[in-house]
Amino acid sequence: MIVRHANLHSPPRRLPFLAAVHSFLFGDGDPNAKHDKERLYPAAVQYIQRHRGYVTAEELALFLPKVPTTSGKDDIVISESFVLPFLLRYGGRPVLVDDVIVYHFPDLVIMNNMSQSKSPQAASSLMKATSPSDGAEGVVAEHELEPLLEVVPEFSRSTWSQRIRTLVLAGVNYVGVLALKSILRDHRSLRLLPSDFWRTIRWLLPLFDAYTTAFLLTPAVRSLLHLRYVRIIEERNRLRRQWFNLLRTPTVELWRKLQARHQLQLQASSGAAEASVAAHHDQTTDDKSSDD
């Protein structure tokens, strides 16, 4: 079962001013940087193992970092080539059943089979968990499948008051640079301080100018990039919801694929259960023989 990730957020802590300036200028990092490795792939492995290594392309679409698009027609999937990276990553292969394609990942269920073959109780619970009465005739149970949505990142963790103070600071820097340029053009002002001082200021002035310009332009450019990234995240989340809704209310073609996957799952579960019971019986017989 895929455990729902609860969004239990504690009240945000106010950043110190310098940290708020850094957050406003450069952001706070990508909250989805490890979304595939920490959420999508583990959830996919768990889901595939629960179904004895069999899964359809539509189910896999929920766990892909780059969510495939749909056709918007009744037959949603035009090409299933988007599953190829996942097949290569986990050793999957296509299986043709009743003119529909189901994908099998034997390597992902080897350890699961070994753990469930330790006792007849595990085998019995395995057959019970995968019986046709298990939610929606065992095809897709709503409690075990959900879209793992990405977090829509904030532009900055700084508060609005801190952002205003940061912009005021940027304005002060800009005015200061303009004042220095004005002073350097006024020969009477240059006589008030040593020439070496003004020579140093002239040398540093381009650096001050570049710093002030970057201070103003960095958040502006980053805001454009941030809006673009937010649109990408929202589009991926929209597609995940679309795939999820498709699985909840499948088309006739998808229903046939899910039924085929379910039948393969039941066959694999029955075979694993019988093998585990037989192995346990043989071990018990051998123990009794050794005792005699």
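Thresholds applied
- Per chain, residues are indexed from 1 in the order of the written sequence.
- Given that the model is predicted, a residue must reach a pLDDT of at least 70 before its local features are reported, and side-chain atom pairs must reach 80 or more before they are shown or counted; all residues, however, enter totals for whole chains, interfaces and linings.
- The side-chain values count all of the structure's non-hydrogen atoms but skip hydrogen atoms and water molecules.
- Any residue with relative accessible area above 30% and no salt bridge may belong to a patch, with like charges joined within 9 Å and the nonpolar Val, Leu, Ile, Met, Phe, Trp and Tyr side chains within 5 Å.
- Throughout, the Shrake-Rupley method with a 1.4 Å probe supplies accessible areas, and for residues the shown protein chains are the sole cover considered.
- Take a side-chain nitrogen of Lys or Arg and a carboxyl oxygen of Asp or Glu: if they are within 4 Å of each other, that pair is a salt bridge.
- Helix and strand definitions follow DSSP, with helices as H or I runs of at least four residues and strands as E runs of at least two, each counted in order from the N terminus.
- Each residue carries a pLDDT value, the predictor's own confidence for that position, ranging from 0 to 100.
- Here a residue-residue contact requires only that any non-hydrogen atoms of the pair lie within 4.5 Å.
- Nonpolar cores are built from buried Ala, Val, Leu, Ile, Met, Phe, Trp, Tyr and Cys residues. Side-chain atoms within 4.5 Å join them into one set.
- Exposed residues in this analysis have more than 50% of their type's maximum accessible area, buried residues have under 20%, and partly exposed residues fall in between, with area computed by a 1.4 Å probe over protein chains only.
- Orientation is described by axes fitted as lines to C-alpha atoms, over the contacting stretch for helices, and by angles from 0 to 180 degrees between their N-to-C directions.
- For classification, angles of less than 35 degrees are called roughly parallel, those exceeding 145 degrees roughly antiparallel, those between 65 and 115 degrees roughly perpendicular, and all remaining angles oblique.
- In this description, strands pair whenever DSSP reports at least two bridges between them.
- Any two of the Phe, Tyr and Trp rings considered here, Trp counted by its six-membered ring, make a pair once their centres fall within 6.5 Å; the pair's planes then place it as stacked at under 30 degrees, edge-to-face at over 60, or tilted in between.
- Comment: the charge-over-ring label is applied if NZ (Lys) or CZ (Arg) is within 6 Å of the ring centre and within 35 degrees of the ring normal.

(A) Structural detail: a nonpolar patch on the surface. On the surface, a nonpolar cluster with roughly 550 Å² of combined accessible area is contributed by Tyr174, Leu178, Leu216, Leu217, Val221 and Leu225. Taken together, the elements giving at least two residues each to the nonpolar patch come down to helix H7 (160–185) and helix H9 (195–248). Here the nonpolar patch takes four residues from H9, the largest share from any one element. Looking at the secondary structure, you find Leu178 in helix H7.

(B) Structural view of the confidence of the model for the chain. Chain-level pLDDT for the chain is 77 on average; 72% of the residues reach the 70-or-more range. When the criterion is pLDDT under 50, residues 119–138 qualifies, and its contacts beyond four places in sequence or with other chains add up to 36 contacts. Low pLDDT (under 50) marks residues 273–285, which in the prediction has 11 contacts with non-local residues, meaning those over four places away or in another chain.

(C) Broad picture of the nonpolar core. Judged by nonpolar contacts, the single largest core of 31 residues is most densely connected at Phe86 and Phe105. Counting residues per element, the ones that place at least two in this core are helix H2 (35–50), helix H3 (57–60), helix H4 (84–90), H9 and helix H10 (252–291). The element best represented in this core is H2, accounting for seven residues.

(D) Just the packing of helix H1 (residues 17–26) against H9, in detail. Direction vectors running N to C along H1 and H9 enclose 55 degrees, while the axes themselves pass 7 Å from each other. With respect to their mutual orientation, H1 and H9 come out oblique. Within the contact between the two elements, H1 uses Val21, Ser23, Phe24, Leu25 and Phe26 and H9 uses Phe215, Thr218, Pro219 and Arg222.

(E) Layout of the pairing of strand S2 (residues 93–97). As defined by bridge partners, S2 adjoins strand S3 (residues 100–104) across five bridges and the pair is classed as antiparallel. Residue pairing in the sheet places Arg93 in a bridge with His104 of S3. Hairpin connection, S2 to S3: the antiparallel pair is bridged by two residues, and Asp98 has positive phi, about 50 degrees.

(F) Looking closely at the pattern of salt bridges. Here the structure, examined in full by the defined rule, presents eight salt bridges. Glu80 serves as the salt-bridge partner of Lys257, at 2.5 Å between the closest nitrogen and oxygen. Of this pair, Lys257 sits in helix H10 while Glu80 sits in the loop between H3 and H4, placing them 177 residues apart in sequence. Take Glu80: its relative accessible area is 19%, and that puts it in the buried class. Connected through shared salt-bridge partners, Glu58, Glu80 and Lys257 make up one network.

(G) Summary view of the packing of aromatic side chains. Applying the stated criterion to the full structure yields eight aromatic pairs. Ring centres 6.2 Å apart and planes at 70 degrees place the aromatic pair Tyr41 and Tyr90 in the edge-to-face group. In this pair, Tyr41 sits in helix H2 while Tyr90 sits in helix H4, placing the two residues 49 residues apart along the sequence. Of the residues examined, Tyr90 reaches a relative accessible area of 16% and is grouped as buried. Taking 6.1 Å as the distance between ring centres and 50 degrees as the angle between the ring planes, the aromatic pair formed by Phe82 and Trp243 counts as tilted. Note that Phe82 is positioned in the loop between H3 and H4 and Trp243 in helix H9, a separation of 161 residues in sequence. Judged by its relative accessible area of 17%, Phe82 falls in the buried class. Aromatic rings pair up to connect Tyr41, Phe86, Tyr90 and Phe105 into one cluster. The ring of Trp160 has Arg163 lying over it, and the distance from NZ or CZ to the ring centre is 4.7 Å. Here the basic side chain of Arg222 rests over the ring of Phe155, its NZ or CZ set 3.9 Å away from the ring centre.

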